[in-house]
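Chain by chain, the residues run as shown.
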There are 4 protein chains.
Amino acid sequence: MREYYTSIRVRYAETDRMGYVYYGNYATYFEVARVEMLRAAGITYRSLEDSGILLPVMSYAVRFFRPAHYDDELVIKTVIPDLPGARLEFEYETHRGAVLLNSANTVLVFTDKESGKPVRCPDHVLAALSD
Amino acid sequence: MREYYTSIRVRYAETDRMGYVYYGNYATYFEVARVEMLRAAGITYRSLEDSGILLPVMSYAVRFFRPAHYDDELVIKTVIPDLPGARLEFEYETHRGAVLLNSANTVLVFTDKESGKPVRCPDHVLAALSD
Amino acid sequence: MREYYTSIRVRYAETDRMGYVYYGNYATYFEVARVEMLRAAGITYRSLEDSGILLPVMSYAVRFFRPAHYDDELVIKTVIPDLPGARLEFEYETHRGAVLLNSANTVLVFTDKESGKPVRCPDHVLAALSD
Amino acid sequence: MREYYTSIRVRYAETDRMGYVYYGNYATYFEVARVEMLRAAGITYRSLEDSGILLPVMSYAVRFFRPAHYDDELVIKTVIPDLPGARLEFEYETHRGAVLLNSANTVLVFTDKESGKPVRCPDHVLAALSD
């Protein structure tokens, strides 16, 4: 369970005056993509948070090759390149049909809600991602 | 302190494919307008929340007469028509120069954070709004 | 084709500090709901716009009964109460399971892109909504 | 005119369930920062666009050190490290008082609206940024 595909339809609210998806909105698409990937692996991000583990984003980088437009149906390919330690990395590619629109990556950190300190990836998450 | 004017510059992120401010984004402008009005009256909404009083929105209505565009400098006139009991109402008008773009109102409810129940407007808020 | 149900999963980006869906974000959910309803009736909103007819929102009102939370799966019931003339009205109810969270309505106006003037509902739209 | 400071107050809409500014919303803050920097240099981004030159974002990267919270008053330091050719780069640092919250950079491309092709930075922009 290290690769996953998520479909997202572009909403009107997400477009801008250029007629493109506003560059800042891809961060939300990638959030949806990684959450759905985790869900497919049996991990509900909400439960993780409710159990006291936050996963804030530590870094995010994206390169844009072509814009997406209103009502486009996008497919985001998400890859977890390495099994997580304290950090969990995701790589993303946004496609519209055969066309690659952008590629991105995020690094998240398992963080104890109380102390705010990094912690190791919980065992059940590691197990789910190792399958 | 029952009438207040707030300036807001339209951000690119807030426009849509029509070139207008997306209709959903005015809710954020009105949030900024009421928070700044309260601040001018000596009430910090963050402190209120930190003291255990939430102010969720109970109803919101808006009528649009003309669109706003990217980079427009809008002025939002905010009025508190009545001294609050458990409810705090705000009325808004968005202007661009002499042109009225829309008018709106929201009703918020003073709510105890723990119980989730409505509570009466705290005395210091009432005092600040009575000046 | 006068009633329709759309599922929407709450995204992290859409929550706020209270842990609720930010009140302004429901406007986007209702946009998705009405666009999907039109699509199910055979009308692509993007095509409508590309053919020179805009559908800006003229009024929007919402009453909130209970909050939605992160990752909730919401169902929005959308109803078109009357066949459109120059105006197209939608009524919405947001449910989480059996619980009604809020109800809303929007009025949109068929508008000629060039002149900015209201126009009558195009025949093919009227036919699709009359089925 | 190669360094600029912009103040931004965090809006409620921009926070998330963790109580932090949602990681995707910094893209909007950086947009505001670069637009205000250009304005201070005598360049209105809206005019640029109206004259047929778009400036889409080609890449964006951000590293997060500490979160921002609701109502924080942030100062974004923006730097243009090099005079633009077809590309215009901005570097950003977000501070809350003396604390550095994150650092980022974006690369934008001067693009002809009609052809969609990259073009050289217009002379008046280059002149304004050379002062």
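Higher on the page you've got the structure.
What counts, and at which threshold
- Residues numbered from 1 in each chain as written.
- Chains lettered and ligands numbered in written order.
- Predicted model: local features only at pLDDT ≥ 70, side-chain atom pairs only at ≥ 80, totals over all residues.
- Contact = placed C-beta atoms within 7 Å.
- Helix = DSSP H or I, 4+ residues; strand = E, 2+ residues; numbered from the N terminus.
- Nonpolar A, V, L, I, M, F, W, Y, C, P; charged D, E, K, R; others polar.
- Pairing = 2+ DSSP bridges.
- Axes fitted to C-alpha atoms, helices over the stretch in contact; angles between N-to-C directions.

Contact with chain C, which involves 17 residues of that partner, is made by 17 residues of chain B. Those elements that place two or more of their residues in the side of chain C that touches chain B are helix H1 (26–40) and strand E3 (57–64) of chain C. Looking at which element gives the most residues to the side of chain C that touches chain B, the answer is E3(C), with 8 residues. When the residues that make up the side of chain C that touches chain B are grouped by side-chain class, the tally is 12 nonpolar, 4 polar and 1 charged. Relative to E3(C), strand E3 (residues 57–64) of chain B is paired through 5 bridges, and the arrangement is antiparallel.

The subject of this paragraph is the interface of chain A and chain D. Chain A puts 17 residues into the contact, and the matching count from chain D is 17 residues. Among the elements of the structure, helix H1 (26–40) and strand E3 (57–64) of chain A are those that each provide at least two residues to the side of chain A that touches chain D. In terms of residue count, the dominant contributor to the side of chain A that touches chain D is E3(A) (8 residues). Per-class residue counts for the side of chain A that touches chain D are 12 nonpolar, 4 polar and 1 charged.

Hydrogen bonds along the backbone pair up the strands of a sheet, which may run parallel or antiparallel. Ordered in space as E1(A)-E4(A)-E5(A)-E6(A)-E3(A)-E3(D)-E6(D)-E5(D)-E4(D)-E1(D), the 10 strands form an open sheet in which the pairing is antiparallel. Each edge of the open sheet carries a strand with a single partner, namely strand E1 (3–9) of chain A together with strand E1 (3–9) of chain D. Strand-to-strand twist across the sheet, computed as the mean angle between neighbouring axes with direction ignored, equals 20°. Across the sheet, helix H1 (residues 26–40) of chain D touches E1, strand E3 (57–64), strand E4 (73–79), strand E5 (87–96) and strand E6 (99–109) of chain D, and the angle it forms with E1(D) is around 130°.

Interpretation note: all reported values are geometric properties and have no functional meaning in isolation.
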